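Structural features, examined
Below are the chains, spelled out letter by letter.
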Amino acid sequence: MSLLEVRDLFVEFRTRDGVARAVNGVSYTVEAGETLAVLGESGSGKSVTAQAVMGILDMPPGRITGGEILFQGRDLLSLPEEERRRIRGSKMAMIFQDALSSLNPVLTVGFQLAEMFRVHQGLGRKEARARAVELMERVRIPAARQRVGDFPHQFSGGMRQRIMIAMALALEPDLIIADEPTTALDVTVQAQVMELLAELQREFTMGLILITHDLGVVADVADKIAVMYAGRIVETAPVKELYQAPAHPYTKGLLDSIPRLDQKGQQLNVIRGMPPSLLDIPPGCAYNPRCPMARAVCRTDEPPLYEVSAQRRSACHFWREMFDGR
Amino acid sequence: MGRYVVRRLLQMIPVFIGTTFLIFVMVYAVGDPVNAMFGERAPDPATAEQLREEFNLDKPIWQQYVLYMGNIFTGDFGNAFNGQPVTELMATAFPITIRLAALAIVFEILVGITLGVLTGLRRGRPIDSGVLMLTLVVISVPTFVTGSLAQYLLGVKWGWISPAVSPAAPLRELLLPGLVLALVSLAYVTRLTRTSIAENARADYVRTAVAKGLSRRRVTVRHLLRNSLIPVVTFLGTDVGNLMAGALVTERIFNIHGVGFQLWQGIVRQNSPTVVGFVTVLVIVFLLANLLVDLLYAVLDPRIRYA
Ligand SMILES: Nc1ncnc2c1ncn2[C@@H]1O[C@H](COP(=O)(O)OP(=O)(O)O)[C@@H](O)[C@H]1O
Ligand code: SF4
Ligand SMILES: [Mg+2]
């Protein structure tokens, strides 16, 4: 039994302009202690999938129209809200991108950390406060005891994100979802925060879903990767294999667009065009208007997730050519 | 913080002088107060002269103002022309109006915020549209009309309450006048709370609170409401002054002998010391209320620092 198994998930948003099909049949699994990196351009449905797992989707306008989310063997989507609430924060936790807006501006960080213990474990004010200080020390916030009464805006960006991490770790959950945890940070502190997260994950053997569009980060910490495009997973693979030989033109496009030291000064190969509107996803392969390999069949037939190897899948009709062409 | 308060208090001085001087000039420039004292009869010139001297009315207006202000700061608000000290009128009038205004604020908080939260969380639903319409009606109909109507229906026609408030103005008799006084502000509080709640409900920190596994109630009260009330509290603070002024109308409708009543009497009888005295105190109340709001703001929103 996997820690988390998302099966054929569909999510749509009813907006004034029409129905945005944000997630269209996503499946992935995360084992205990494993790190899954979810990759893809902005708007590809990474966050929405994660929010569906956490049970914090905006409903309405959002709606889960199909699929299952199995967490430790239980289908979350069929649980009553009260039971899901108890899982949230204690068994699975989420780290958001922008810690400044994600922390409550008018409550002290100590209160916000202590709240986890008070609500889920019924600890008293004092004891919860002491645990909050411990947590802050754990994520290496200097002078934690003095700063526990400070407000979020009094911390630097990196320290704030550490507090978010501390909050997620408070009850030692089995699964952590980190939604672009370093995107809002200065480049210099990005690595530190990422290291801290990876270290704590190892220590607690938690499952980690790391949502990012930074391929550089992924190589160091992830075990496997799921690449998303227009609400679908187009490729999944163990990290090393994917970097060595992508089995989907979109993945190859992403890899080619990483700036590399040995190609300094050269033009980057940015994927041409824009992701499709989710209100009107093109028929066939959603990537076909941008794909350099696209052929007639790509405009009519939607590619299934082909089995490339035991641990690899690719949603490209011509995944074999990706390998042959090398 | 301390330095900020001192600075603010100093800044109040010119505002205080400006407003009180203006009202002083206005009151003393309108007609001759000595003539007004004698009503229809023309005063005997010698007596009039004596009175003018006694009340400093023979001096230039700025000098009168300076003398008056000097007296005020020794606690002497002068006498009404009938000889009764103005401070005596204040001692009976202010407690009544303060009770009335406090009641109005309580209504605004209890009813306004509750309605605002309910509608803010249910935007676009029937209860939201209904309450929104109602607030629009309340805001657009003058207080004089709603007040008189309520007095007629509840007081005269159905006889649920006594239509006029007795001179002592006990709290029970002030309930309806308090509600009438609150009504327009209450509608604003409802709308302000609603907008603020709806806006904050989409904020990232609310999503975090949900992700922490907090109950719906705790997310709403501890996280959403706490943030949404910042602009509402500011409004309530500045409303203290408005309520005092609004009491003028309400007190007349229900014949309450408060500040508004005394002010009205002072105006129609051209009783200058009364008018100037009451307005001066109102100006002070208004200025202090504003300072209090600014300080409260810093308590509610830790991001605000006063230097
Ligand atoms: N609250 C919402 N209301 C309406 N549409 C939404 C909402 N959240 C997400 N969407 C839609 O879902 C799409 C995918 O969003 P998201 O999962 O956040 O992308 P990303 O891969 O960048 O995390 C968005 O482009 C948007 O069309
Ligand atoms: S299916 Fe066709 S369009 Fe889609 S990625 Fe493969 S080659 Fe490109
Ligand atoms: Mg996102």
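Residues numbered from 1 in each chain as written. Chains lettered and ligands numbered in written order. Predicted model: local features only at pLDDT ≥ 70, side-chain atom pairs only at ≥ 80, totals over all residues. Heavy atoms only, no water.

Under an unreviewed UniProt entry, the name given to chain B is Oligopeptide transport system permease protein, and the organism recorded is Streptomyces qinglanensis. In its Subcellular location (unreviewed entry) section, the UniProt record describing chain B reads: "Cell membrane". Looking at chain B in UniProt, the text filed under Sequence similarities (unreviewed entry) is "Belongs to the binding-protein-dependent transport system permease family." (UniProt positions renumbered as here; feature names shortened; annotations may be inferred.)

As named in an unreviewed UniProt entry, chain A is Oligopeptide transport system ATP-binding protein, taken from Streptomyces qinglanensis. Under the UniProt heading Subcellular location (unreviewed entry), the entry covering chain A gives this text: "Cell membrane". Taken from UniProt, the Sequence similarities (unreviewed entry) comment for chain A reads in full: "Belongs to the ABC transporter superfamily."

**Brief notes about the sheet that holds strand E6 (residues 92–95) of chain A**
Residue and element names in this part refer to chain A. Reading across the sheet, the eight strands line up as E6-E7-E8-E3-E9-E10-E12-E11 and stay open at both edges, with mixed pairing between neighbours. Only two strands of the sheet have a single partner each, and these edge strands are E6 and strand E11 (306–309). The average undirected angle you get between the axes of adjacent strands in this sheet is 20°. (Pairing = 2+ DSSP bridges. Helix = DSSP H or I, 4+ residues; strand = E, 2+ residues; numbered from the N terminus. Axes fitted to C-alpha atoms, helices over the stretch in contact; angles between N-to-C directions.)

**Focus on the UniProt feature "transmembrane region" (unreviewed entry) in chain B**
The positions UniProt marks with the feature "transmembrane region" (unreviewed entry) are residues 12–31, 96–118, 130–154, 174–192, 224–245 and 275–300 of chain B. With 92% helix and 0% strand, the stretch residues 130–154 of chain B has end C-alpha atoms that lie 24 Å from each other.

**Re helix H11 (residues 259–268) of chain B**
All names here are of chain B. Every buried residue of H11 is accounted for by Val259, Gly260, Phe261, Gln262, Leu263 and Gly266. Residues of H11 that are buried sit in contact with helix H5 (86–121), helix H10 (216–253) and helix H12 (272–300). Glutamine 270 occupies a position one or two residues after H11 and carries a positive phi of about 50°. (Buried < 20%, exposed > 50% of the residue type's maximum accessible area, 1.4 Å probe, protein only. Contact = heavy atoms within 4.5 Å.)

**Section: the sheet that holds strand E2 (residues 18–30) of chain A**
All names here are of chain A. The strand order across the open sheet built from four strands is E2-E1-E4-E5, with neighbouring strands paired in antiparallel fashion. Two strands bound the open sheet, and with one partner strand each, they are E2 and strand E5 (74–75). For strand E4 (residues 62–71) and E5, the ladder comprises two bridges, and the chain directions are antiparallel. Each residue of the ladder has a partner; that of phenylalanine 71, found in E5, is arginine 74. Those strands touched by helix H1 (residues 46–54) are strand E1 (4–15), E2 and E4, and its axis lies near 110° from that of E1.

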